Amino acid sequence: MKLSARLQVIAEELLLGCRMADIGSDHALLPVYAVKNGKASYAVAGEVNDGPLEAAQRQVAEAGEHRRISVRKGDGLAVISPGEVDTITIAGMGGALIVSILSGGRDKLEGVKRLVLQPNVGEEFVRQWLVENGWYLEKEQILEEDGKIYEVLTAIADPGADALNERLYQNKVMDGGIVVSKPWLLKIGPRFILNPSSTLLKKWQGEIAKLENICRQVALSDQEASRERESELRQEIEQLKEVLACWQKDRP
Ligand code: SAM
């Protein structure tokens, strides 16, 4: 079984033999791959919608893995019991939805040591939730597949998370002397910022283009509130361009 590059990156983040829950599993490709390859000893595939739930049930039956993979219907973490799994994956949804799933099931996070999260958008909401809920962002990865850019965030439960996060989100001084503060680190990624790949650069070039487009639309309005919004957007674009200029400085 071959996973997409995106799901493969997520699968690589599972610790050997973990007990995992994949929430919003759809076709259950990740849990099936994980148990077949020894990455997980047991998996729950959770789905809230009937179509994807049936796809997951079919996939698990075809793989002959119904003993090791339990396919369950339910909203977010409602499908698991406290202490049942040590790892949770949530992929292919917006960051705000991932946060609402995690917040809605706080009691189910007992015994969970590792979260592997892949928000399609709104990564900063996920980083913010991790900071506020005692999770330490151990690793950030970015990849491009079929013209789309994805971020994969791995977080661990750590009793010292608050102190570690304090350090992780301290102001960062970039090579060009630009100071990047916590709100920007939450947006861009505290680990990415000092270690930019060409994919990260491409992502933020695209984000700047989107913001410039919005700015042009807002500039057409006569409303006072639009002037304020335009000025905020211009500041945001300027800050991002400064960061990008630092990233590009040492590139061939
Ligand atoms: N995780 C798979 C992946 O990354 O390839 C599937 C991603 S698919 C785009 C998102 C899935 O999440 C859908 O199948 C949807 O039904 C499911 N979903 C959305 N909200 C959910 C929730 N609150 N609880 C469980 N599943 C949910």
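Residues numbered from 1 in each chain as written. Predicted model: local features only at pLDDT ≥ 70, side-chain atom pairs only at ≥ 80, totals over all residues. Heavy atoms only, no water.

Looking only at helix H6 (residues 161-168), the buried set comprises Ala 161, Asn 165 and Leu 168. Take H6 and look down its axis: the buried residues cluster within an arc of 60 degrees, on one side only. Among the exposed residues of H6, those pointing more than 90 degrees away from its buried face are Asp 162, Ala 163, Glu 166 and Arg 167. Tucked into the core, H6 has its buried residues touching helix H5 (123-132), strand S6 (135-145), strand S8 (172-173) and helix H7 (182-188). (Buried < 20%, exposed > 50% of the residue type's maximum accessible area, 1.4 Å probe, protein only. Helix = DSSP H or I, 4+ residues; strand = E, 2+ residues; numbered from the N terminus. Arc of directions from axis to C-beta. Contact = heavy atoms within 4.5 Å.)

Glancing now at the site of the ligand. Taken together, 17 residues sit near the ligand, with Arg 6, Gly 24, Glu 47, Asn 49 and Asp 75 positioned nearest. Between Glu 47 and the ligand, the recorded distance is 2.5 Å, taken from a side-chain N or O atom to an oxygen atom. Protein contact buries 81% of the 600 Å² of open area that the ligand shows by itself. The set of elements that each furnish at least two residues to the shell around the ligand consists of helix H1 (5-12), strand S4 (87-93) and helix H4 (95-104). Ranked by residue count, the leading element in the shell around the ligand is S4, at 3 residues. Partitioned by chemical class, the residues of the shell around the ligand number 7 nonpolar, 6 polar and 4 charged. (Near = heavy atom within 4 Å. Polar contact = N/O pair within 3.5 Å; in protein donor to acceptor, adjacent residues only side chain to side chain. Areas by Shrake-Rupley, 256 points an atom, 1.4 Å probe, with all protein chains shown as cover. Nonpolar A, V, L, I, M, F, W, Y, C, P; charged D, E, K, R; others polar.)

We now examine the domain arrangement of the protein. Taken domain by domain, the protein consists of domain 1 (5-167) and domain 2 (173-250). Of note, the centres of domain 1 and domain 2, computed from C-alpha atoms alone, are 29 Å apart. Taken together, the contact between domain 1 and domain 2 spans 16 residues of the former and 14 residues of the latter. For the pairing of domain 1 and domain 2, the buried interface totals around 1300 Å² over both sides, and the portion due to carbon and sulfur atoms is 57%. Among the residues domain 1 hides against domain 2, the three largest losses belong to Arg 127, Glu 140 and Ile 142. Together they make up 39% of the total. (Domains from an automatic or database assignment. Buried area = accessible area lost by both parts, 1.4 Å probe.)

So, on to the sheet that holds strand S1 (residues 18-23). Reading across the sheet, the 7 strands line up as S3-S2-S1-S4-S5-S7-S6 and stay open at both edges, with mixed pairing between neighbours. Single-partner strands in this sheet number two, and they are strand S3 (69-73) and S6. Neighbouring strand axes in the sheet, compared pairwise and without regard to direction, differ in orientation by 15 degrees on average. As paired elements, strand S2 (residues 40-47) and S3 share 5 bridges and run parallel to each other. Note that in S3 the partner of Val 44 across the bridge is Ser 70. (Pairing = 2+ DSSP bridges. Axes fitted to C-alpha atoms, helices over the stretch in contact; angles between N-to-C directions.)

Ranked by internal contacts, the top residues of the largest apolar core, which has 56 residues, are Ile 88, Ile 90, Leu 115, Leu 130 and Trp 247. When residues of this core are sorted by domain, at least three fall in each of domain 1 (5-167) and domain 2 (173-250). Once you skip the residues sitting within four places of it in the chain, Ile 88 turns out to touch Ala 21, Ile 23, Leu 77, Ile 80, Leu 109, Val 112, Arg 114, Leu 115 and Val 116. One finds Val 9, Leu 14, Ala 28 and Val 152 within the second-largest nonpolar core, a separate group that totals 26 residues. (Core = buried A, V, L, I, M, F, W, Y, C linked by side-chain atoms within 4.5 Å.)

As a rule of thumb, non-glycine residues mostly have phi less than zero, and peptide bonds are mostly trans rather than cis. Not every positive phi belongs to a glycine, and Asp 26 is a case in point at roughly 55 degrees. Along the polypeptide, Asp 26 turns up in the loop between S1 and helix H2 (29-36). One non-glycine residue, Ala 28, adopts positive backbone phi at about 60 degrees. Within the secondary structure, Ala 28 sits in the loop between S1 and H2. Owing to a relative accessible area of 0%, Ala 28 belongs among the buried residues under this scheme.

Where H2 meets helix H3 (residues 50-63), the closest approach of the two axes is 9 Å, and the angle between their N-to-C directions is 20 degrees. Classified by the interaxial angle, the pair formed by H2 and H3 is roughly parallel. Here H2 runs over H3; the crossing is right-handed. Taken together, the residues of H3 that come into contact with H2 (itself represented by Leu 29, Val 32 and Lys 36) are Gln 59, Val 60 and Ala 63. A per-class count over the contact of H2 with H3 returns 4 nonpolar, 1 polar and 1 charged. (Parallel < 35°, antiparallel > 145°, perpendicular 65-115°, else oblique. Left-handed = near helix turned anticlockwise from the far one by under 90°.)

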